[in-house]
Amino acid sequence: MSECTTLRDSDRAARAAAIDPCHSFIVSAPAGSGKTALLTQRFLALLASVDEPEQCLAITVTRKAAAEMAKRITEALTEASRGVPPQRDFELATYQLARSALARSETRRWALLNSPQRLRIQTIDSFNRYLAKQLAVETGLGELP
């Protein structure tokens, strides 16, 4: 077995493990390596296993990254709703995860295709602001503006 084959197998195994909703992961890789696609798959896998979509949270550094991730998840759900599986393996995996998320959406009556605002994809700053607001209300110190 060549070193390249071993690296590809190792990468494939690491990507599969990162999608597993039973474990936490931090993903760090160079630009263009497929981080957003991997995180999209993980988010879809999480959606298929929760009671409410708001239980899933993706945190990014920039608004652009958050918007891109939301776009990809929404597009994956829309494509999966059409019922035509793609040919490429990686796209097929995303399609299958999106189909599972849609099935969960239907069972739980989330209407994700009509309510994409229920997807919690935020920047670190917006998540910190959310936490600060929750703390202010819980401690009785008043709500932040």
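Now for a look at the structure at hand. (Residues numbered from 1 in each chain as written. Predicted model: local features only at pLDDT ≥ 70, side-chain atom pairs only at ≥ 80, totals over all residues. Heavy atoms only, no water.)

## Description of helix 3 (residues 63–82)
Note the threshold: Secondary structure follows DSSP: runs of H or I at least 4 residues long count as helices, runs of E at least 2 residues long count as strands, and numbering of each begins at the N terminus. Working rule for helices: expected span equals 1.5 Å times residues minus one. Any two residues whose heavy atoms approach within 4.5 Å at even a single point are treated as in contact.
In this model helix 3 runs 29 Å from its N-terminal to its C-terminal C-alpha over 20 residues, within 8% of the 28 Å that 1.5 Å per residue would give. Where helix 3 is buried, its residues contact helix 2 (35–47), strand 1 (57–60), helix 4 (89–108) and strand 2 (120–123). Just downstream of helix 3, glycine 83 is the residue with a positive phi angle, here 75 degrees.

## Focus: the packing of aromatic side chains
For clarity, the cut-off: Paired rings are identified among Phe, Tyr and Trp, the last through its six-membered ring, by centres lying within 6.5 Å, and are further divided according to the angle between planes into stacked (under 30 degrees), edge-to-face (over 60) and tilted (the rest). Here, a charge over a ring means that NZ of Lys or CZ of Arg falls within 6 Å of the ring centre while also lying within 35 degrees of the ring normal.
For the coordinates displayed, the defined rule picks out one aromatic pair. The ring of tyrosine 130 has arginine 120 lying over it, and the distance from NZ or CZ to the ring centre is 5.2 Å.

## Things to note about unusual backbone geometry
To be explicit about the condition: For each residue, the accessible area found with a 1.4 Å probe, counting protein chains only, is set against the maximum for its type, and the residue is called buried under 20%, exposed over 50%, and partly exposed in between.
Even without being a glycine, arginine 109 presents a positive backbone phi close to 60 degrees. One can find arginine 109 in the loop between helix 4 and strand 2. A residue is classified by how much of its surface remains accessible, and arginine 109, at 74% relative accessible area, is exposed. A positive phi angle, close to 55 degrees, is found at alanine 111, a residue other than glycine. If you trace the backbone, alanine 111 turns up in the loop between helix 4 and strand 2.

## Quick look at the environment of leucine 47
Along the chain, leucine 47 turns up in helix 2. Since its relative accessible area comes to 0%, leucine 47 is described here as buried. Ignoring any residue separated from it by four or fewer positions in sequence, one finds leucine 47 in contact with Pro53, Cys56, Ala101, Arg104, Trp110, Leu112 and Leu119.

## Points about the environment of alanine 101
Structurally, the position occupied by alanine 101 is in helix 4. Judged by relative accessible area, alanine 101 falls into the buried class, the value being 0%. Along the chain, alanine 101 and alanine 45 lie 56 residues apart, while their C-alpha atoms are 6.9 Å from each other. Excluding anything up to four places from it in sequence, alanine 101 contacts Leu44, Leu47, Ala48, Leu77 and Trp110.

## Considerations on the packing of helix 2 against helix 4
How two helices sit against one another is set out by the angle between their axes and by the gap between those axes. How we decide: Between the N-to-C directions of two axes lies an angle of 0 to 180 degrees, each axis being a line fitted to C-alpha atoms and, for a helix, fitted only over the stretch in contact. When an angle is under 35 degrees it counts as roughly parallel; over 145 it counts as roughly antiparallel; between 65 and 115 it counts as roughly perpendicular; any other value is oblique. Crossing chirality is assigned from the near helix's rotation relative to the far helix, an anticlockwise turn below a right angle marking it left-handed and a clockwise turn marking it right-handed. Gly is placed with the polar residues, together with every amino acid not listed as nonpolar (Ala, Val, Leu, Ile, Met, Phe, Trp, Tyr, Cys and Pro) or charged (Asp, Glu, Lys and Arg).
At a minimum axis distance of 8 Å, the contact between helix 2 and helix 4 shows a crossing angle of 25 degrees. Relative to helix 4, the element helix 2 is oriented roughly parallel. Taken as a pair, helix 2 and helix 4 cross one another with a handedness that is left-handed. Between helix 2 and helix 4, the residues in contact are Ala37, Leu38, Gln41, Leu44, Ala45 and Leu47 and Phe90, Ala93, Thr94, Leu97, Ala98, Ala101 and Arg104, respectively. A breakdown of the residues in the contact of helix 2 with helix 4 according to their chemical character gives ten nonpolar, two polar and one charged.

## Looking at the pattern of salt bridges
Where we set the bar: What counts as a salt bridge is simple: a side-chain nitrogen of Lys or Arg found within 4 Å of a carboxyl oxygen of Asp or Glu.
Enumeration over the complete set of coordinates arrives at eight salt bridges. Among the ionic pairs, arginine 118 bridges to glutamate 52, the shortest N-O distance being 2.9 Å. Of this pair, arginine 118 sits in the loop between helix 4 and strand 2 while glutamate 52 sits in the loop between helix 2 and strand 1, and the two are 66 residues apart along the sequence. Ionic pairing is found between glutamate 79 and arginine 82, a salt bridge with its closest N-O pair at 2.3 Å. Taken together, the residues span about one helical turn, with glutamate 79 and arginine 82 both in helix 3 at a distance of three residues. Overall, the relative accessible area of 44% leaves glutamate 79 in the partly exposed class. Look at the salt bridges and you will find they share partners, linking Glu52, Glu54, Arg108 and Arg118 into a network.

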